[in-house]
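Structure at a glance
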Amino acid sequence: MGIIFKSRDIIDINDFSKEELLFILKTARKFDPEYVKKDRSNYTIAQGKIAALLFFEPSTRTEQSFKSAAQKIGMGIIGFDDPEATSIHKGESFSDTIRIMNSYADVLIMRHPESGAAGKAADVADIPVINAGDGANQHPTQTMLDLYTMMKEAGPPSREAGRLDGITVALMGDLKYGRTVHALSIALSHFKVKQIFISHPSLAMPAEFLQILDKRGVKYEQLDQMPSDLQADFLYQTRVQKERFKNLSEYKKIKDKFVLDASFKKFLDRGVKLMHALPRVNEIDPSLDAHPNAIYFAQARNGLYIREALLALVLGRI
Ligand code: NCD
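Residues numbered from 1 in each chain as written. Predicted model: local features only at pLDDT ≥ 70, side-chain atom pairs only at ≥ 80, totals over all residues. Heavy atoms only, no water.

Attention now goes to the overall build of the chain. Tallying secondary structure elements over the chain gives 10 helices and 9 strands in all. Taking 318 residues into account, the globule formula puts the C-alpha radius of gyration at 20 Å, and the chain, at 19 Å, falls close to it. Each of the three principal axes of the chain carries a C-alpha extent, and together these read 55 × 50 × 40 Å. Residue burial in the chain is summarised as follows: out of 318 residues, 53% are buried. (Helix = DSSP H or I, 4+ residues; strand = E, 2+ residues; numbered from the N terminus. Rg over C-alpha atoms; globule rule 2.2 N^0.38 Å. Buried < 20%, exposed > 50% of the residue type's maximum accessible area, 1.4 Å probe, protein only.)

What follows concerns the domain arrangement of the chain. Split into domains, the chain comes out as domain 1 (13-138 + 303-314) and domain 2 (140-300). A separation of 24 Å is found between the C-alpha centroids of domain 1 and domain 2. The partner domain 2 presents 31 residues to the 34 residues of domain 1 that form the contact. For the pairing of domain 1 and domain 2, the buried interface totals around 2,700 Å² over both sides, and the portion due to carbon and sulfur atoms is 60%. Summed over the three residues of domain 1 that lose the most area to domain 2, namely Ile13, Leu25 and Arg61, the buried surface amounts to 22% of that side. Here domain 1 and domain 2 share 4 salt bridges between them. Here glutamate 57 and arginine 179 are joined by a salt bridge, their closest N and O atoms 3.1 Å apart. Those elements giving two or more residues to the side of domain 1 that touches domain 2 turn out to be helix H1 (18-29), helix H2 (61-72), strand S3 (107-112), strand S4 (129-134) and helix H10 (296-314). Top element by residues in the side of domain 1 that touches domain 2 is H1. It accounts for 7 residues. Partitioned by chemical class, the residues of the side of domain 1 that touches domain 2 number 16 nonpolar, 9 polar and 9 charged. (Domains from an automatic or database assignment. Contact = heavy atoms within 4.5 Å. Buried area = accessible area lost by both parts, 1.4 Å probe. Salt bridge = Lys/Arg side-chain N within 4 Å of Asp/Glu carboxyl O. Nonpolar A, V, L, I, M, F, W, Y, C, P; charged D, E, K, R; others polar.)

With that settled, the discussion passes to the site of the ligand. Taken together, Arg61, Thr62, Arg111, His139, Gln142, Arg179, Thr180, Arg239, Gln241, Ala277, Leu278 and Pro279 make up the full set of residues adjacent to the ligand. In this structure, an oxygen atom belonging to the ligand sits 2.8 Å away from a side-chain N or O atom of glutamine 241. At a separation of 3.0 Å, a nitrogen atom of the ligand approaches a polar backbone atom of alanine 277. In the complex, the protein chains occlude 93% of the 320 Å² of accessible area that the ligand would expose alone. Secondary structure elements with two or more residues in the shell around the ligand: H2 and helix H6 (179-188). (Near = heavy atom within 4 Å. Polar contact = N/O pair within 3.5 Å; in protein donor to acceptor, adjacent residues only side chain to side chain. Areas by Shrake-Rupley, 256 points an atom, 1.4 Å probe, with all protein chains shown as cover.)

In contact at an axis separation of 8 Å, H2 and H10 are set at 50 degrees when each is read in the N-to-C sense. The pairing of H2 with H10 is recorded here as oblique in orientation. Two packed elements cross with a definite hand, and for H2 against H10 that hand is right-handed. On H10, the residues that touch Arg61, Thr62, Ser65, Phe66, Ser68, Ala69, Ala70 and Lys72 of H2 are Ala300, Leu304, Arg307, Glu308 and Leu311. Here the contact of H2 with H10 is composed, by residue class, of 6 nonpolar, 3 polar and 4 charged. (Axes fitted to C-alpha atoms, helices over the stretch in contact; angles between N-to-C directions. Parallel < 35°, antiparallel > 145°, perpendicular 65-115°, else oblique. Left-handed = near helix turned anticlockwise from the far one by under 90°.)

This part is about a nonpolar patch on the surface. Where nonpolar side chains cluster on the molecular surface, the patch consists of Ile78, Ile100 and Tyr104 and spans about 280 Å² of accessible area. Position of isoleucine 100 relative to the elements: it lies in helix H3 (residues 94-104). (Patch = residues over 30% accessible without salt bridge, like charges linked within 9 Å, V, L, I, M, F, W, Y side chains within 5 Å.)

This part takes up the nonpolar core. Of all hydrophobic cores here, the largest spans 65 residues; its most connected members are Met75, Ile109, Met144, Met150, Leu171, Ile306 and Leu311. Top contributing element to this core by residue count: H10, with 9 residues. Built from parts of two domains, this core gets at least three residues from each of domain 1 (13-138 + 303-314) and domain 2 (140-300). Setting aside residues no more than four positions away along its own chain, methionine 75 makes contact with Ala46, Lys49, Ile50, Ala51, Ala70, Val107, Leu311 and Leu315. Core analysis: the second largest hydrophobic core is formed by 19 residues, Ile196, Ala232, Val272 and Ala294 among them. (Core = buried A, V, L, I, M, F, W, Y, C linked by side-chain atoms within 4.5 Å.)

Rendered as C-alpha cells:
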C-alpha cells in the first residue's frame, strides 16, 4: 500500500508514521528552489480549489505562509483572522461556523486558542482540516517545517532519510506551553535523535510527552540551565508563551531566565545551529542574526514549501 494523503486531516503529529513524515519532507523539496533549479510552474496544481483560513488567534508566519502557499499552487483563499468581525460576534456556534466554511472551501486551515479545537472542527467538517496551532497542544505543520529545516541543515543532500539519525537537539525555554516543542519532540522520537530539554522547572516538558519518549526508548536529558559546554547540533529556542499564563507575575519572574545574548555566538561558531519558530520577543539577541548558523529566518521560509506540499497532498493533486 502506498502512502495516501488525499482527504486527510492534519491534526496531531501522532497520526503520522515516520514513513509518512519522510514522504511529506520529500514532497516539500518539489517546491523548494534549493532542490528544484528550473521553474516547475506549480501554480496550476490546485487551480479552482479554495483554502479557508480560520484564525481565531493571531499569527504572522503561519497565516501568511499558508496564504502564500495556497496561491502559489493556484488556489483561491477565503477566511478571517478577526473572529469578532464575523457572525461569531453575534453568537454563532463554533460548529455552525465550521459547517458554513466547509461548504465554501476545499480545505480548512485553522488556528484556535483551545487545545483540541482542530479535532473538533475535523469532526464537523468533511473536507480536510489542517491544524495551524491549537492552544498549548500542537502545531504539526510547524513541526514538519522544523524537521525539514533540520534535514536540510544536518548534512549533505546525499544522506537521504537517515539524515536526522545520530544528531542531538536541545529544546529550550517554554517547554510547558510551547506547542511547537511538544509536536517536535514527538516527531524527533521516530529518529535516533538525542533530545535535551532546557527550561525553568516550572516550564518543563509535560509528563504526557515524556511518557511517549519513554515508551519509544528515546534518550533525553532534562536540565534547568544551559550547560556551558552545550553539545548539540541544533538548539531550538522558544518564546515564553505569555498568553497561556494564568498568573502574569509568574510569567514576569521567569521570562528572562533563558534568553540568548550576544555571548551565544561562541556556540554558533562551534557549529550549533540556532532555530526558533518565531516570533521572538527578547529570547535571541538580534546581533546573532547575521551568523550563518542562526537559521530561524531560513526555517520560516521553509514553511512555505512544506505548506505547498501539504495542501497539494490533502487535495490529491500531487
Ligand atoms: C509559534 C506558535 O504560534 O505556536 N509561532 C509560529 O507558528 N511560527 C510560536 C510562538 O508563538 O511562540
